[in-house]
Amino acid sequence: MISALTKAFFHGLARSRTIEKLASRYGMRRKTSFGRRFIAGETMEEAIEAARAIQARGMLLTLDQLGESVTTLAEADAATRVYIDMIGRIVEAGIERNISLKLTQLGLNVDRATCTDNLRRILEACRPHDFFVRIDMEDSPTVQDTLDVHRTLWEHGHRNIGVVLQSMLRRSEEDLRRLNEAAVRVRLVKGAYKEPKTVAYQRKADVDTAFQRLMEAMLLEGTYPAIGTHDPVLLGRAKTFAAEHGISRERFEFQMLYGVRRDLQAALADEGYRVRLYVPFGRQWFPYFMRRLGERPANVMFILRGILRER
Ligand code: FDA
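Read on for a plain summary of the structure.

Cut-offs and rules
- Residues numbered from 1 in each chain as written.
- Predicted model: local features only at pLDDT ≥ 70, side-chain atom pairs only at ≥ 80, totals over all residues.
- Heavy atoms only, no water.
- Phe/Tyr/Trp six-rings, centres within 6.5 Å; stacked < 30°, edge-to-face > 60°.
- Helix = DSSP H or I, 4+ residues; strand = E, 2+ residues; numbered from the N terminus.
- Buried < 20%, exposed > 50% of the residue type's maximum accessible area, 1.4 Å probe, protein only.
- Polar contact = N/O pair within 3.5 Å; in protein donor to acceptor, adjacent residues only side chain to side chain.
- Contact = heavy atoms within 4.5 Å.
- Pairing = 2+ DSSP bridges.
- Axes fitted to C-alpha atoms, helices over the stretch in contact; angles between N-to-C directions.
- Salt bridge = Lys/Arg side-chain N within 4 Å of Asp/Glu carboxyl O.
- Core = buried A, V, L, I, M, F, W, Y, C linked by side-chain atoms within 4.5 Å.
- Near = heavy atom within 4 Å.
- Nonpolar A, V, L, I, M, F, W, Y, C, P; charged D, E, K, R; others polar.
- Right-handed = clockwise from strand over helix to strand, strands pointing away.

So, the packing of aromatic side chains
Point 1. Across all of its chains, the model carries 7 aromatic pairs by this definition.
Point 2. Between Phe-38 and Phe-289, the ring centres sit 6.1 Å apart and the planes meet at 55 degrees, which makes this aromatic pair tilted. Of this pair, Phe-38 sits in the loop between α2 (17-26) and α3 (44-56) while Phe-289 sits in helix α11 (residues 286-295), and the two are 251 residues apart along the sequence. Taken individually, Phe-38 and Phe-289 each receive the classification buried, so the pair is uniform in this respect.
Point 3. With centroids separated by 5.5 Å and ring planes inclined at 90 degrees, the aromatic side chains of Trp-285 and Phe-289 adopt a geometry described as edge-to-face. In terms of burial, Trp-285 and Phe-289 fall into one category: buried.

Some words on the side chain of Asn-299
Point 1. If you trace the backbone, Asn-299 turns up in helix α12 (residues 298-310).
Point 2. The exposure class assigned to Asn-299 is buried, which follows from its relative accessible area of 7%.
Point 3. A distance of 3.4 Å separates the side chain of Asn-299 from the backbone oxygen of Arg-292, its partner in a polar contact.
Point 4. Setting aside chain neighbours within four positions, we find Asn-299 in contact with Phe-38, Arg-292 and Leu-293.

Concerning the sheet that holds strand β4 (residues 161-166)
Point 1. On the basis of which strands lie adjacent, the closed barrel formed by 8 strands has the order β1-β2-β3-β4-β5-β6-β7-β8 and parallel pairing. Averaged over all adjacent pairs, the angle separating strand axes in this sheet is 25 degrees, with direction ignored.
Point 2. Relative to β4, helix α7 (residues 172-181) is tilted by about 155 degrees, and along the sheet it contacts β4 and β5 (186-189).

Observations regarding the pattern of salt bridges
Point 1. In total, this model carries 28 salt bridges according to the counting rule given.
Point 2. Note that Arg-283 and Glu-42 form a salt bridge whose closest N and O atoms lie 3.4 Å from each other. Of this pair, Arg-283 sits in the loop between β8 (275-281) and α11 while Glu-42 sits in the loop between α2 and α3, placing them 241 residues apart in sequence.
Point 3. Using a relative accessible area of 66% as the deciding quantity, one classes Arg-283 as exposed.
Point 4. According to the relative accessible area criterion, Glu-42 is partly exposed, its value standing at 24%.
Point 5. Close ionic contact of Arg-127 with Glu-124 constitutes a salt bridge, the shortest N to O distance being 3.4 Å.
Point 6. Judged by relative accessible area, which is 33%, Glu-124 ranks as partly exposed.
Point 7. Each member of the salt-bridge network shares a partner with another, and the members are Lys-190, Lys-204, Asp-208 and Asp-231.

As for the nonpolar core
Point 1. If you look at the biggest cluster of nonpolar residues, it comprises 75 residues, and the most contacted ones within it are Leu-63, Ile-99, Leu-101, Leu-103, Leu-119, Ile-227 and Val-279.
Point 2. The element contributing the most residues to this core is helix α8 (residues 204-221), with 7 residues.
Point 3. Look past the residues within four positions of Leu-101 in its chain and what remains in contact with it is Asp-64, Tyr-83, Leu-106, Leu-119, Ile-122, Val-133, Arg-134, Ile-135 and Asp-136.
Point 4. Listed in part, the 18 residues of the second largest apolar core include Phe-10, Ala-23, Phe-38 and Leu-293.

A look at the site of the ligand
Point 1. Around the ligand, the surrounding shell holds 26 residues, and the nearest of these are Lys-190, Gly-191, Thr-229, His-230 and Glu-295.
Point 2. Arg-187 places a side-chain nitrogen or oxygen 3.2 Å from a nitrogen atom of the ligand.
Point 3. Of all the secondary structure elements, the ones that give two or more residues to the shell around the ligand are β4, β5, β7 (253-257) and α11.
Point 4. Looking at which element gives the most residues to the shell around the ligand, the answer is β7, with 3 residues.
Point 5. Grouping the constituent residues of the shell around the ligand by class yields 10 nonpolar, 7 polar and 9 charged.

Structural notes on the pairing of β4
Point 1. By the criterion of burial, β4 is predominantly enclosed, with 6 of the 6 residues buried.
Point 2. Judged by which residues are buried, β4 turns out to be covered on both faces: Ile-161, Val-163 and Leu-165 on one side and Gly-162, Val-164 and Gln-166 on the other are all buried.
Point 3. Two strands pair when backbone bridges link them, and strand β3 (residues 132-135) and β4 are joined in this way by 2 bridges, in the parallel orientation. Looking across to β4, one finds that Arg-134 is bridged to Gly-162.
Point 4. Since β3 and β4 lie parallel, the crossover through helix α6 (residues 143-155) that links them has a hand, and here it is right-handed.
Point 5. The pairing of β4 with β5 spans 4 bridges and is parallel. Within β5, the position partnered with Val-164 by the bridge is Arg-187.

Right under this line is the structure:
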């Protein structure tokens, strides 16, 4: 995993308007453009096409309409409508009914009550169609609010919603204990944001050790847990741990990001594990894309070559 410094560098670049403009101009133009490595496309049609290809390869998926950190209630309302429209399009297309979303896209940083209501609107639209909705986890200042919004809707009887915990955050152990007790479905990831050492482990070894500890607790006590990583060591440990404890392959799933470690995705699916791909799409792909670069600077060369080729 990448040092905190590298992550900070890419998070800095992610705020650059010039780079965003350059990337937006070249990143998605053609089927071979560099942005398409990690993003299924800018339109719903492209996302559906990617979803069909994934299903044909025997894998599961979750669709994410990209967007985050809106600053007005009007934008939050617009994002909510986009999601409600997307639910109809997914049903029409007959692809898997599983979506991921970010609460800052629905107005979490503007007004929590409105954000909760926006998510409730989405869940109501999902209700007749048997969807599963995963609330992605964002940076540490939003974690408690995210869990609170989830809990409010859970207490109102919505059971088709799960959350994400990040092993880099020290609090995740306690959060997982409560979520396991309540039988909430959790996706475990390492964490994609730059976090201060007061709240997060900074060394890769500590993040990985925490991941393993949380993963084992999820496998033993969780409800259909999702193990979200491309780390071959941790994937191997998950397989061994499940086998040693008699946890069958139907009781958990592996999750990976669209375009990352396609070799591992295929290998796990071929071995008979459930593999779900996180499929992001939409016009607002730049911050998501920059987080993927921050995870692996070697990707930068790949992108630079792409830009040169496009020009
Ligand atoms: P690690 O970073 O140690 O990488 C292990 C190996 O995977 C690398 O050696 C490399 O081979 C490969 N790899 C990893 N990232 C790569 C990349 N970008 N490009 C190419 N190869 C790469 N985070 C978050 O904060 N909130 C969230 O809600 C989510 N949601 C989410 C869903 C799913 C399905 C996944 C898989 C991940 C997330 N994440 C996330 C992102 C997560 O926190 C983390 O940043 C990435 O998964 C990278 O970490 P790894 O576990 O893969 O390990």
